[in-house]
Amino acid sequence: MSAQTTSVRPPDDTARRAAIQAADRASIRRHRILRGLRLSGAQLFCFVVSAGFFALPLVYLTIQAFKPYTEFLQNPTGMPHPWTLQNFSDAWSQGDFGHQLLNSLLYAVVPNVITLTLGVFLAFPISRGWFKHSNALYAFFVFSGFLPAGLIPLFVEAQKLGLYNSRIGYLVLTSLAGAGFFFFVGYIKSIPRELDEAAAMDGCGYVRFIFTIIIPQMKPALATFGVFGFVASWNNLILPLVMLNDSNLWPVTRGLFSFFGQYTLQWPLIAAATVIVAAPILVVFILLQRYMVEGVAGGATAGAQGVGQTPAATAATPAE
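Predicted model, so just to flag it, every value in this text is computed and none were measured.

Undergrad: For this particular structure, what's the right way to read the overall build of the protein?
TA: Looking only at helices and strands, one finds 18 helices and 0 strands in the protein. Here the protein holds 320 residues, and 33% of them are scored as buried. Counting only carbon and sulfur atoms, one obtains 67% of the accessible surface of the protein, whose full area is about 20000 Å².

Undergrad: How do you make sense of the pattern of salt bridges when you look at a structure like this?
TA: Between side chains of opposite charge, a pair can form as their charged atoms come close. Counted under the stated rule, the structure contains 1 salt bridge. In this structure, the salt-bridge partner of R128 is D196, at a minimum N-O distance of 2.7 Å. Of this pair, R128 sits in the loop between α6 (97–127) and α7 (134–144) while D196 is found in helix α11 (residues 194–201), placing the two residues 68 residues apart along the sequence.

Undergrad: Would you mind going over the side chain of D196 with me for this structure?
TA: D196 sits in the buried class, given a relative accessible area of 17%. Reaching out from D196, the side chain makes a polar contact with the side chain of R128 at a distance of 2.7 Å. Apart from residues lying up to four places away in sequence, D196 is in contact with F124, R128 and F209.

Undergrad: For this particular structure, what's the right way to read the confidence of the model for the protein?
TA: Close reading of the predicted structure is inappropriate where its pLDDT is low. Residues with a pLDDT of 70 or more make up 77% of the protein, whose mean pLDDT is 78. Across residues 1–10, confidence stays below pLDDT 50; counting only partners more than four residues off in sequence or on other chains, it has 0 contacts. Of the regions scoring below 50 in pLDDT, residues 310–320 engages in 8 contacts with residues more than four places distant in sequence or in other chains.

Undergrad: Hey, could you run me through the packing of aromatic side chains in this one?
TA: If you walk through the whole model with that rule in mind, you get 13 aromatic pairs. Between the aromatic rings of F184 and F225, the centroid separation amounts to 6.0 Å while the plane-to-plane angle is 75 degrees, which identifies the pairing as edge-to-face. Placement of F184 in helix α10 (residues 181–188) and of F225 in helix α13 (residues 219–234) is noted, with a sequence separation of 41 residues between them. Here F184 matches F225 in class, with each residue buried. In this arrangement the basic side chain of R254 is found over the ring face of W250, its NZ or CZ atom lying 3.8 Å from the centre.

Undergrad: Explain the side chain of T253 here, please?
TA: Note that T253 resides in helix α15 (residues 252–257). Judged by its relative accessible area of 10%, T253 is buried. If near-sequence neighbours (up to four positions away) are discounted, T253 is found in contact with S104, W234, N235, N236 and L237.

Undergrad: I keep staring at the packing of α6 against α13 and nothing clicks. Help me out?
TA: Helices that pack against each other are described as a pair by the angle of their axes relative to one another and the distance between those axes. Taken N-terminus to C-terminus, the directions of α6 and α13 make an angle of 140 degrees; their axes are 9 Å apart at the nearest point. When the axis of α6 is compared with that of α13, the two are oblique. As for the relative orientation of α6 and α13, their crossing is right-handed in sense. Of the residues in α13, those in contact with L101, S104, L105, Y107, A108, V109, N112, L116 and V120 of α6 are L222, F225, G226, G229, F230, S233 and W234. Looking at the contact of α6 with α13 residue by residue, the class counts come to 11 nonpolar, 5 polar and no charged.

Undergrad: Would you mind showing me how to read helix α5 (residues 86–94) here?
TA: Since the α-helix turns once every 3.6 residues, residues separated by three or four places project in the same direction. Residues of α5 that are buried include every one of N87, F88 and A91, and no others. For α5, the buried positions fall inside an angular range of 100 degrees around the axis, keeping them on one side. Following α5 by one or two positions, D96 has its phi on the positive side, about 55 degrees.

Calculation rules
- Residues numbered from 1 in each chain as written.
- Predicted model: local features only at pLDDT ≥ 70, side-chain atom pairs only at ≥ 80, totals over all residues.
- Heavy atoms only, no water.
- Helix = DSSP H or I, 4+ residues; strand = E, 2+ residues; numbered from the N terminus.
- Buried < 20%, exposed > 50% of the residue type's maximum accessible area, 1.4 Å probe, protein only.
- Areas by Shrake-Rupley, 256 points an atom, 1.4 Å probe, with all protein chains shown as cover.
- Salt bridge = Lys/Arg side-chain N within 4 Å of Asp/Glu carboxyl O.
- Polar contact = N/O pair within 3.5 Å; in protein donor to acceptor, adjacent residues only side chain to side chain.
- Contact = heavy atoms within 4.5 Å.
- pLDDT = per-residue confidence, 0-100.
- Phe/Tyr/Trp six-rings, centres within 6.5 Å; stacked < 30°, edge-to-face > 60°.
- Lys NZ or Arg CZ within 6 Å of the ring centre and 35° of its normal.
- Axes fitted to C-alpha atoms, helices over the stretch in contact; angles between N-to-C directions.
- Parallel < 35°, antiparallel > 145°, perpendicular 65-115°, else oblique.
- Left-handed = near helix turned anticlockwise from the far one by under 90°.
- Nonpolar A, V, L, I, M, F, W, Y, C, P; charged D, E, K, R; others polar.
- Arc of directions from axis to C-beta.

Next up, the structure:
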């Protein structure tokens, strides 16, 4: 009995040696990562210049938002003296941003959730090759994404269907975009097919399988295109100008656009309004940015395979 126990348990020196090797491998990985993050002098200079081109206008805009109008006329490039929040209060009341921010949040979140959900439900069967001509259907959807948006036909369609100047109609018109569909196909191909078989054997339905297994596996991809879709919907100005005539339905970008008529010379007020409009986008990006790199990398690694093909790791596994 003791002989069997001795043969089953690994010796202490073997376990210690394995732990040391694992620690060495982790140290080597950390060293490679740190070495890759180091910047040379030229790279650091390019990074500072590029960041300056992007950051300096935003910093200047934010500083002007805290400056009184008379101070701006006297010193348009200096620091505020004194600092004031009156511009934000005036911009909030004059632009009716309390109501318009709710409209923009509705117009950005609801179409985004519907588009991402429909994209997953459409991308999953195509990525698994359940259709006879999955590659042709996939190519058709990818090609349709490069076609220009027809604003005039969309306007005529909205009038004919009773969707013009309506909150529900605007949500319907903006909820059927499939920008992330081709990306989801590549990402789903990296999910093992064994999960499909295990769920089928356990009696899991299709809709439940998508919501409880596939969507949690796609959090990085959904977060990536969720950010892109939220920013695009939040910054959309042309479509609200055409489709929404009632001021009670205007999003925040439409309210910001009105400042350039009556308050053209009030640049500190316009700067404060711009900061108010841009703040929710910054918050969403900060909350979801850690998923974005992982989501882009995950979709790119599997995107080179054909639709319906089995990933290399799965194909190498022998069938039982």
